[in-house]
Amino acid sequence: MNNSLPAYLELIGLFILLPVSFLWSYPIYIKMVLVIIGLLYIIIRLKRAGAIHFDKTVLNQNAPFWKRLGIQLLLLIIITTVYVYIEAPDKLFSVPLKKPGLWLVILAVYTFLSVWPQEVIYRTYFFKRFEVIFKNKWVLILVNGLLFSLAHIFFKNVLVLVLTFIGGILFAYTYFTTRSTLLVSIEHAIYGNWLFTVGMGEMLAFPGAE
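Now for a look at the structure at hand. Only a predicted model underlies this, so the values are computations on that prediction, with no experimental measurement involved. Note that residues are indexed from 1 along each chain, following the sequence as it is written. With the structure being a predicted model, the display of local features is reserved for residues of pLDDT at least 70 and the display and counting of side-chain atom pairs for 80 or more, all residues being used for whole-chain, interface and lining totals. The side-chain values count all of the structure's non-hydrogen atoms but skip hydrogen atoms and water molecules.

Right, let's talk about the overall build of the protein chain for a bit. A count of helices and strands for the protein chain gives eight helices and zero strands. Secondary structure follows DSSP: runs of H or I at least 4 residues long count as helices, runs of E at least 2 residues long count as strands, and numbering of each begins at the N terminus. Starting at the N terminus, the α and β elements of the protein chain follow one another as α-α-α-α-α-α-α-α. It is over C-alpha atoms that the radius of gyration is taken, and the globule rule equals 2.2 Å times the number of residues to the power 0.38. Relative to a compact globule of 210 residues, whose C-alpha radius of gyration would be 17 Å, the protein chain shows 18 Å and is just as compact. Across its three principal directions, the C-alpha atoms of the protein chain cover 55 × 45 × 30 Å. Only protein chains enter the calculation, and the probe is 1.4 Å; a residue is then buried if its accessible area is under 20% of its type maximum, exposed if over 50%, and partly exposed in between. Every one of the 210 residues in the protein chain was classed for burial, and the buried ones make up 43%. It only takes one pair of heavy atoms within 4.5 Å for two residues to be counted as in contact. Pairs at least 24 residues apart make up 76% of the contacts formed inside the protein chain by residues separated by at least 6 positions. In short, Shrake-Rupley with a 1.4 Å probe defines the accessible areas, and a residue's cover is counted only from the protein chains shown. For the protein chain, the exposed area adds up to about 11500 Å²; of that, 73% sits on carbon and sulfur atoms. Positive charges come from Lys and Arg, negative ones from Asp and Glu, while His and the chain ends are left out of the count. Note on charges: their place is set at NZ of Lys, CZ of Arg, CG of Asp or CD of Glu. Distance between charge centroids for the protein chain: 9 Å, based on 17 positive and 9 negative side chains.

Time to look at helix α3 (residues 63–87). Every helix has an expected span of 1.5 Å times one less than the residues it contains. Between its terminal C-alpha atoms α3 stretches 36 Å, which fits the 36 Å expected from 25 residues at 1.5 Å a residue. Within the sequence span of α3, burial applies to Phe-65, Arg-68, Leu-69, Gln-72, Leu-76, Thr-80 and Val-84.

Time to look at the side chain of Arg-68. Structurally, Arg-68 is set in helix α3. Ignoring sequence-local partners within four residues, the contact set of Arg-68 consists of Leu-170, Tyr-173, Thr-174, Thr-177 and Glu-187.

A pocket here means an open set of points on a 1 Å grid, computed over the protein atoms alone, that has protein on both sides within 12 Å along at least five of seven lines. A cavity is instead a set of points where a 1.4 Å probe fits but cannot get out; residues with an atom within 4 Å of a point line either one. Grid points are joined across faces, edges and corners, and a volume is the space filled by probe spheres set on the points. Its volume calculated, the largest pocket comes out at about 1800 Å³. For the largest pocket, the lining is made up of 50 residues, of which Ser-114, Gln-118, His-152, Phe-154 and Phe-155 are closest to its centre. For the lining of the largest pocket, the secondary-structure elements that each account for two or more residues are α1 (7–21), α2 (28–48), α3, α5 (100–130), α7 (158–178) and α8 (181–198). Each residue is assigned to one of three groups, with Ala, Val, Leu, Ile, Met, Phe, Trp, Tyr, Cys and Pro labelled nonpolar, Asp, Glu, Lys and Arg labelled charged, and all others, Gly among them, labelled polar. A per-class count over the lining of the largest pocket returns 39 nonpolar, 10 polar and one charged.

Time to look at the environment of Lys-156. Here Lys-156 shows up in the loop between α6 (137–150) and α7. Look at Lys-156 and you get exposed, because its relative accessible area is 64%. When the C-alpha positions of Lys-156 and Leu-204 are compared, they lie 10.0 Å apart, and in sequence the two are 48 residues distant.

Here's what the structure looks like:
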């Protein structure tokens, strides 16, 4: 997936300068246009390379992934439930219990309008375009996690940055080992939707989560 624009410059422009620029105060519609342009650029390049596809056969061919997902999800459930119970007990499962309709809308919007674009950009495209730059897989995974966290810097929320860094590491590892946009999207959606379910939506500054 080579083109005339050096990979390093593209990496800096799309994955560092663009997200950092969102910290500046300029019209939201300009920020939205920049994101849409960037997403369209990535999708077009991936389409031309035939790199966007959801192969359902991977669902039955990745036993280690499902085992790891189950263990990590169990740990996430235990840790976040205890955390919310201690920090904000009134928020524990408050949305699904008090506003089930809103909860379902949040899950759907997050899964299809947030998770999938993020995984196309930060896993599918990132690995197709920039993996050759990194000689060590763990450096590649670490950098991907850092840049994924940086993409959420506009929230100006330390908890969001920590969780997205950890999530970014896990998602990068999943994509590296499975090469499946579908599997990493499922993992991302499950973790994210659980956080909103357990009552961390407001903590994570997700609009309309509470």
